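So the chains spell out like this:
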Amino acid sequence: EDQVTQSPEALRLQEGESSSLNCSYTVSGLRGLFWYRQDPGKGPEFLFTLYSAGEEKEKERLKATLTKKESFLHITAPKPEDSATYLCAVRKNTGNQFYFGTGTSLTVIP
Amino acid sequence: NAGVTQTPKFQVLKTGQSMTLQCAQDMNHEYMSWYRQDPGMGLRLIHYSVGAGITDQGEVPNGYNVSRSTTEDFPLRLLSAAPSQTSVYFCASSPQGHYGYTFGSGTRLTVV
């Protein structure tokens, strides 16, 4: 069964305390893995796409990496404005469907 | 550039009523989708379209209809609202299916 699992469900960090969010997936034939940020009451905002194992993408304090079975979103020295829910999604080589995880709710405390 | 525009932002319906959620994008994106987001369930695909005149079902299509007569517009119709359709609905578009989506700001629907 195609599945995307994110962990932890919730994460509280002190400002400046680096950490990682995990997205593990079980799909046959990955076309791409996507990371989004979602603020309360808003639609998800696209962050990164990763296409193959070993690929890395960076944006400010965020760095996404991909292996054959999981992706990590590393947050370096987070700030309170990084507080949000982070979603990952995968797309298979066949079909047009994206499979979303349930997200990790990140809170960064000043 | 407006991106993806959804209307209305909030709606309360009585059981059995019908309504249309509007979605419009001004980026000339071919690919458009409707998702619902429920606590603990993640985003689930309702219907999608790969171009004008072409639509297909997603994971949870029952109780919903779509059409795509133009590239810009992709309305979602609730045929006979049920309390189980209480959710937040998001419309999204992308240039092609394997690029990242641009999401609208959502419609919060309550069915009583």
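(A) Up close: unusual backbone geometry. All names here are of chain A. In the segment running from S7 into P8, the intervening peptide bond is cis, with an omega of -10 degrees. Within the secondary structure, P8 sits in the loop between β1 (3-7) and β2 (10-14). Backbone geometry at E60 places phi at a positive 55 degrees, although glycine is not the residue there. Here E60 is to be found in the loop between β6 (56-59) and β7 (62-66). Since its relative accessible area comes to 71%, E60 is described here as exposed.

(B) Geometry of the pairing of β1 of chain A. Residues and elements named next belong to chain A. Burial of β1 is one-sided: the residues V4 and Q6 facing one way are buried, the residues Q3, T5 and S7 facing the other way are not. Across five bridges, β1 lies against strand β3 (residues 19-26) in antiparallel orientation. Opposite S7, over in β3, you have N22 as the bridge partner.

(C) Summary view of the environment of M41 of chain B. Secondary-structure assignment places M41 of chain B in the loop between β4 (31-38) and β5 (42-51). Separated by 14 residues in the primary sequence, M41 of chain B and M27 of chain B place their C-alpha atoms 29 Å from one another.

(D) Structural detail: the pattern of salt bridges. All chains considered together, the criterion is met by seven salt bridges over all chains. With a shortest N-O distance of 3.0 Å, D39 of chain A and R37 of chain A are connected by a salt bridge. Judged by relative accessible area, which is 15%, R37 of chain A ranks as buried. A salt bridge links D38 of chain B to R36 of chain B; the nearest nitrogen and oxygen atoms lie 2.9 Å apart. D38 of chain B gets classed as buried once you look at its relative accessible area, which sits at 11%. Connected through salt bridges with shared partners, the residues R36, D38 and R44 of chain B form a single ionic network.

(E) View of the layout of surface pockets. By volume, the largest pocket is sized at about 660 Å³. What lines the largest pocket is a set of 30 residues, and nearest its centre among them are Q38 and G41 of chain A together with Q37, V88 and R108 of chain B. Classifying every residue of the lining of the largest pocket gives eight nonpolar, 16 polar and six charged. In this structure, the second largest pocket spans a volume of roughly 380 Å³. Considering the residues around the second largest pocket, the lining is formed by 17 residues, among which Q3, V4 and F100 of chain A together with M41 and E59 of chain B are closest to the centre. Elements supplying a minimum of two residues to the lining of the second largest pocket: β1 and β10 (98-100) of chain A together with β5 of chain B. A per-element tally of the lining of the second largest pocket places β1 of chain A first, with four residues. Here the lining of the second largest pocket is built from residues that sort into seven nonpolar, six polar and four charged.

(F) Molecular detail of the interface of chain B and chain A. Contacts between the two partners involve 21 residues from chain B, matched on the other side by 19 residues from chain A. When chain B packs against chain A, the two sides together hide about 1500 Å² of surface, and 57% of this comes from carbon and sulfur. There are zero salt bridges connecting chain B and chain A. Of all the elements in the fold, those that place two or more residues in the side of chain B that touches chain A are β4 and β5 of chain B. Here the element with the most residues in the side of chain B that touches chain A is β5 of chain B; it accounts for five residues.

Each value, and the rule that gives it
Residues numbered from 1 in each chain as written. Chains lettered and ligands numbered in written order. Predicted model: local features only at pLDDT ≥ 70, side-chain atom pairs only at ≥ 80, totals over all residues. Heavy atoms only, no water. Helix = DSSP H or I, 4+ residues; strand = E, 2+ residues; numbered from the N terminus. Buried < 20%, exposed > 50% of the residue type's maximum accessible area, 1.4 Å probe, protein only. Pairing = 2+ DSSP bridges. Salt bridge = Lys/Arg side-chain N within 4 Å of Asp/Glu carboxyl O. 1 Å grid on protein atoms, 1.4 Å probe; cavity = no way out; pocket = protein on both sides within 12 Å on 5 of 7 lines; lining within 4 Å. Points joined across faces, edges and corners; volume = space filled by probe spheres on them. Nonpolar A, V, L, I, M, F, W, Y, C, P; charged D, E, K, R; others polar. Contact = heavy atoms within 4.5 Å. Buried area = accessible area lost by both parts, 1.4 Å probe.

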